[in-house]
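# Examination of the molecular architecture
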Amino acid sequence: MNDITVEPQPVLELQNVGVSYKRRKGLFKRERFWALRDVSFSLYQGESLGIIGRNGAGKSTLLKLLAGIIDQDRGQIRRATLRAALLTLRLGFLPYLTGRENAILSGMLMGIHRREIEQAMDKIVAFAELEGFIDQPLETYSAGMRARLGFAVAFRSNPEILLVDEALGVGDAEFRRKSTELMRQKIHSDQTVVVVSHSASVIKELCDRAVWIESGVTKQAGPTEEILAAYGDQASAKIPRRGKLKRPNVVSHITRNI
Amino acid sequence: MHPYVELVWYKAYADLRAEGARAYLGMLWWVLEPLLQMTVYYIVFGYLLQRGGPGFIYFLLCGLVTWRWFANSLLRGAGAISSNAGLMSQVYLPKYLFPPMAIIANFLKFLIVFLLFLAFLIFSGSALHWSWITLPFLLATQMLLIAACSSLLAAVMPFLPDLKMLIENGLTLWMFMSGVFYDITALPERAQLYFRLNPMATLIENYRAVLIQGAWPDWPALGIIASVSMLGIGAALYLLMRYDRIYPRAVMS
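Just so you know, these numbers come straight off a predicted model, no measurement behind them. (Residues numbered from 1 in each chain as written. Chains lettered and ligands numbered in written order. Predicted model: local features only at pLDDT ≥ 70, side-chain atom pairs only at ≥ 80, totals over all residues.)

A tally of helices and strands in chain B yields 11 helices and zero strands. Secondary structure of chain B in N-to-C order comes out as α-α-α-α-α-α-α-α-α-α-α. In terms of overall dimensions, chain B is globule-like: its C-alpha atoms have a radius of gyration of 19 Å, near the 18 Å expected for 253 residues. Once the C-alpha set of chain B is aligned to its principal axes, its extents read approximately 55 × 45 × 35 Å. (Helix = DSSP H or I, 4+ residues; strand = E, 2+ residues; numbered from the N terminus. Rg over C-alpha atoms; globule rule 2.2 N^0.38 Å.)

Our next topic: the overall build of chain A. A count of helical and extended segments in chain A gives eight helices and nine strands. When burial is assessed residue by residue, chain A has 42% of its 258 residues classed as buried. When contacts within chain A are restricted to residue pairs at least 6 apart in sequence, long-range pairs at least 24 apart make up 66% of them. (Buried ≥ 20, exposed ≤ 12 C-beta atoms within 10 Å, placed from the backbone. Contact = placed C-beta atoms within 7 Å.)

Of all hydrophobic cores here, the largest spans 124 residues; its most connected members are Leu66, Ala67, Leu163, Val194, Val195 and Ile203 of chain A. The greatest single-element share of this core, amounting to 12 residues, is contributed by helix H3 (residues 56-78) of chain B. Discounting residues that sit within four places of it in the chain, Val194 of chain A has contacts with Leu43, Leu49, Ile51, Leu66, Ile161, Leu163 and Val164 of chain A. (Core = buried A, V, L, I, M, F, W, Y, C linked by C-beta atoms within 7 Å.)

This paragraph deals with the environment of Ser40 of chain A. Residues and elements named next belong to chain A. Topologically, Ser40 is positioned in strand S2 (residues 30-44). Among the residues examined, Ser40 registers 15 C-beta atoms within 10 Å and is labelled partly exposed. In this structure the C-alpha to C-alpha distance between Ser40 and Gln136, which are 96 residues apart in sequence, comes to 47 Å. Every residue in contact with Ser40, bar those within four places of it in the chain, is listed here: Leu14, Gln15, Asn16, Val17 and Thr218.

Turning our attention to unusual backbone geometry. All names here are of chain A. Of note in the backbone geometry, Arg90 takes a positive phi value of approximately 65° without being a glycine. Classification of Arg90 by C-beta neighbours within 10 Å gives partly exposed; the count is 17. Phi at Glu129 takes a positive value of approximately 55°, unusual for a residue other than glycine. By the element assignment, Glu129 lies in the loop between helix H3 (114-127) and helix H4 (143-154). By the C-beta count within 10 Å, which is 17 here, Glu129 ends up partly exposed.

All names here are of chain B. The geometry of helix H2 (residues 29-48) relative to helix H5 (residues 98-123) is characterised by a closest axis approach of 9 Å and an angle of 60° between their N-to-C directions. Our pair here, H2 against H5, has a crossing hand that is right-handed. In this structure, H2 uses Trp30, Val31 and Pro34 to contact H5, whose residues at the interface are Lys109, Ile112, Val113 and Leu116. Split by residue class, the contact of H2 with H5 holds six nonpolar, no polar and one charged. (Axes fitted to C-alpha atoms, helices over the stretch in contact; angles between N-to-C directions. Left-handed = near helix turned anticlockwise from the far one by under 90°. Nonpolar A, V, L, I, M, F, W, Y, C, P; charged D, E, K, R; others polar.)

Here we take up the interface of chain A and chain B. You'll often see interface size given as the accessible area lost when the parts meet. The interface is formed by 26 residues belonging to chain A together with 19 residues belonging to chain B. Taken together, the elements giving at least two residues each to the side of chain A that touches chain B come down to strand S1 (10-24), strand S5 (84-86) and helix H2 (99-109) of chain A. For the side of chain A that touches chain B, the element with the highest residue contribution is H2 of chain A, accounting for five residues. Taken together, the residues that form the side of chain A that touches chain B break down as 15 nonpolar, five polar and six charged.

Turning our eyes to something else, we now look at the confidence of the model for chain B. Interpreting fine coordinate detail is not advised for predicted regions of low pLDDT. Predicted confidence across chain B gives a mean pLDDT of 91, with 99% of residues reaching 70 or more. Among the prediction metrics, the complex's ipTM stands at 0.85, with pTM recorded as 0.87. (pLDDT = per-residue confidence, 0-100.)

Attention shifts here to the packing of H3 of chain B against helix H6 (residues 135-156) of chain B. Residue and element names in this part refer to chain B. Interhelical geometry of H3 versus H6 gives an angle of 25° and a closest axis separation of 8 Å. Comparing their axes, H6 and H3 come out roughly parallel. When the axes of H3 and H6 are compared, the crossing they make is right-handed. Each of Thr66, Phe70, Ser73, Leu74, Gly77 and Ala78 in H3 lies in contact with H6, whose residues at this interface are Gln142, Ile146, Cys149, Ser150, Ser151, Leu153 and Ala154. Here the contact of H3 with H6 is built from residues that sort into seven nonpolar, six polar and no charged. (Parallel < 35°, antiparallel > 145°, perpendicular 65-115°, else oblique.)

Structure, rendered in structure tokens:
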């Protein structure tokens, strides 16, 4: 079963991939805009791959592509599995429904069976600290309560490739610590994960390998240390007054991203 | 049950629940709103224009109840893809799931009004006919027509967002062409021929025959509507699958 001598096959492989959008320019004029121009990298079973790049580098388009939400316009993608999904908090939440109904709907949208969610409901309620509130309409919830319910449900989705966008933990200080810790465990486990961030510290903490993307083009891919060094050098070259790239710890970085 | 089937039902239920929770009177509006509209039309056509005669109320309601089902389904179904832009950009879902969600929600709302209408027919003394047992076939035919029209519209709307402006007025015109307020058989022979090309005119005529006159439906006509609708559903499915991963980009930009 385990043939170790063979080079591992990637679960996902991108070759010179490009994605474009048509942007409106005037009444009848449309303009083509390439969000991704030339992206190539491979993702292997069980690893945590970090994708780093500045705002506008094409990271969110890349996530949609990896999740199978959109198709590429050029280049090739080879997939060993179709079960890749974005970790989305509060997916499909409706304010007029109760917390329980929202949990069921959100879970079903993520591909979890209704029965499964209902069986896990007690755990979801306990984890989200919503005892006594779960059958109240969502519109009566505070932002923190919504965030906790969103996380508790999203965490139950179980895609083969988990795609994470920036914020790991949510809610108030205590829940944020709890959820960040859980996400960390999940990322460090056997789960295949892609983490997208513009922060070197997040990638450094969570990922074995990294890919650096700049204006829709892969600049470099390799071990995290190497990539971050190159990314950091460029950042400090561009903003000389800062000296070196700031590296706040992950938790405080996450705080800013809620 | 397949998770997608489960999802379609639950989403239809959730949307209805959310809609009901939005107003003070909630789901009561599903009955009140059609009642109000029917009253308006009854006053205009029955009293002001003096179109009525004995039994006009049954004639009118029969047309209005079934027309409303068609029009509301189309209005909502046409935006099934466009209005779910947020959801589509966060998770992959086959796009052919969206029109059925809207169609089912509208069917449930219609069913309440339709059952009330049947009750009204019975209790107001209009006889109960044996022909009523064919109603499921009439409803099924109209359901196929609705599914075809609304999923075809849903499939092209993301590429032609301006269509939205035309649909509402198009439906108003279509309503006046469908014999909701008048009897098509009273028109000249030649005109009738054109009216029969309109599936809704044919359906409404059949509802009246079955519900009020106690006659059997025009089976060949229903058969034609059902078959053409199935072709339409096939075409819509083809488009929805073909552009499955294009829609999220189309509705975003």
